[in-house]
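Residue strings, one per chain:
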Amino acid sequence: MYFLFSSSEEMEKFFEKELPLRQENKIEYAVMENFDKNRIVFAAPHKVTERIYVDEKRFIGVGDKNTDKLAKLGALRLRTCYIAPLFSRIEADLTRDPSMLGKGLTLRSPLYGGEKREIVRIEIHKNKKFANTVSFYHQLLEKLKPQALVFIHGMGRRHKADVSFGFGKECEYIGGKKNAEAFVGMFREKLNEVLESFGFKTKLEIVVAKFFKATKDYGLLHHVAAHNKKNAEKRFGMNVEFNLRGRTTKEDKGLPTKEYQLAAQVLADVVLEWKNRIKERS
């Protein structure tokens, strides 16, 4: 049974009831009853959003709105594991190399509120006081020994795709381009079937990323690519970018559309199916 919600209030009440969240060292996480069996982690590294004003009108938006809600839906679908920070990527960015904390990393970002579109750079991952928190996060991931890592992110409305999958430069986080195309094909087919069964006529645009490839994502580079070079038990992972046009609705900014709610849960099904196929081949 898939979960569907008509308001953010309804969704939040469901999460409060069903998700056994813990907070430790500025990280929130929940490890549910099926995790030992499926060992799949859903994370939303940029869940905290904020506006940074450069003057009275113009601002930079930081963070990926409602990605935590999509990650929670995926985790709850499988009763597995959910992780997210309680701070913005300005303080510390869990997708960046911990050794670069406080060393001037910047992010290109649109400047909103002006008369014309501008791109500026803003410093991120800058607070050295978060070193222990960043270390705790990565130690937690290693302690969990996941077999699959699913990092939920957000892209802007200007992008054509609804969901974009980043598997690394050569799709190494999932074992190559052939596997990437096969996985995304499975997801696309399954999602279309589910959307049709619920009466939704619009098909979502699902792609293997050409831009958001996650080539510099420390979590995937360290916990998947580097891990697989050293260990017999392999993992796979991905960055999944959901478009802002479906992460919010006009009526309720805290609510992803029902199509996107379903997409997050179908994603969980397909990740589990892919993991089981790998297990059968090995």
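Residues numbered from 1 in each chain as written. Predicted model: local features only at pLDDT ≥ 70, side-chain atom pairs only at ≥ 80, totals over all residues. Heavy atoms only, no water.

1. Comments concerning the packing of helix α4 (residues 131-144) against helix α6 (residues 218-230)
Just so we agree on the cut-off: A fitted line through C-alpha atoms represents every axis, and for helices the fit uses only the stretch in contact; the resulting angles, taken between N-to-C directions, go from 0 to 180 degrees. Helix and strand assignments follow DSSP, with helices taken as H or I runs no shorter than four residues and strands as E runs no shorter than two, numbered in order from the N terminus. An angle below 35 degrees is treated as roughly parallel, one above 145 as roughly antiparallel, one from 65 to 115 as roughly perpendicular, and anything else as oblique. Take the far helix as your reference; a near helix turned counterclockwise from it by less than a right angle gives a left-handed crossing, and one turned clockwise gives a right-handed crossing. Residues are treated as being in contact if the distance between any of their heavy atoms lies within 4.5 Å. We call Asp, Glu, Lys and Arg charged. Ala, Val, Leu, Ile, Met, Phe, Trp, Tyr, Cys and Pro are nonpolar, and the rest, Gly among them, are polar.
The N-to-C vectors of α4 and α6 enclose an angle of 30°; their axes lie 11 Å apart at closest approach. The orientation of α4 with respect to α6, classified from their angle, is roughly parallel. The interaxial crossing formed by α4 with α6 has right-handed handedness. Across from His138, Leu141 and Glu142 in α4, the residues of α6 making contact are Tyr218, His222 and His223. Its residues assigned to classes, the contact of α4 with α6 shows two nonpolar, three polar and one charged.

2. Regarding the nonpolar core
Operational definition: Residues belong to one nonpolar core when they are buried, are Ala, Val, Leu, Ile, Met, Phe, Trp, Tyr or Cys, and are joined through side-chain atoms within 4.5 Å. Any residue under 20% of the maximum accessible area for its type is buried, any over 50% is exposed, and the rest in between are partly exposed; the area is computed with a 1.4 Å probe on protein chains only.
With 53 residues, the main nonpolar core has Phe165, Phe183, Phe187, Met238 and Leu267 as its most contacted residues. At ten residues, the largest contribution of residues to this core is made by helix α8 (residues 258-281). Each residue touching Phe187, except ones within four places of it in the same chain, is listed here: Val163, Phe165, Ile206, Ala263, Val266, Leu267 and Val270. Judged by nonpolar contacts, the second largest core, of 25 residues, contains Cys81, Leu141, Tyr173 and Ala225.

3. Let's talk about α6
Filter applied, for reference: We call two N or O atoms a polar contact when they sit within 3.5 Å, provided that within protein one can donate a hydrogen and the other can accept it, with sequence-adjacent residues counted only if both atoms are side-chain atoms.
Within the span of α6, buried status applies to Tyr218, Gly219, Leu220, His223, Val224, Ala225, His227 and Asn228. Of the surrounding elements, those touching the buried residues of α6 are α4, β9 (148-155) and β12 (236-243). Near the N-terminus of α6, the side chain that reaches the backbone nitrogen of Gly219, with its oxygen 2.9 Å away, is that of Asp217.

4. A closer look at the sheet that holds strand β5 (residues 59-62)
Operational definition: Pairs of strands are assigned from DSSP output, requiring at least two bridges between the strands.
Strand order in the open sheet formed by four strands is β4-β5-β7-β8, with antiparallel pairing between adjacent strands. If you trace the sheet from one side to the other, it starts and ends with β4 (50-53) and β8 (118-123), each paired once. Direction aside, neighbouring strands of the sheet carry axes that sit 40° apart on average. Relative to β8, strand β7 (residues 106-112) runs antiparallel, the two sharing six bridges. Within β8, the position partnered with Pro110 by the bridge is Ile119.

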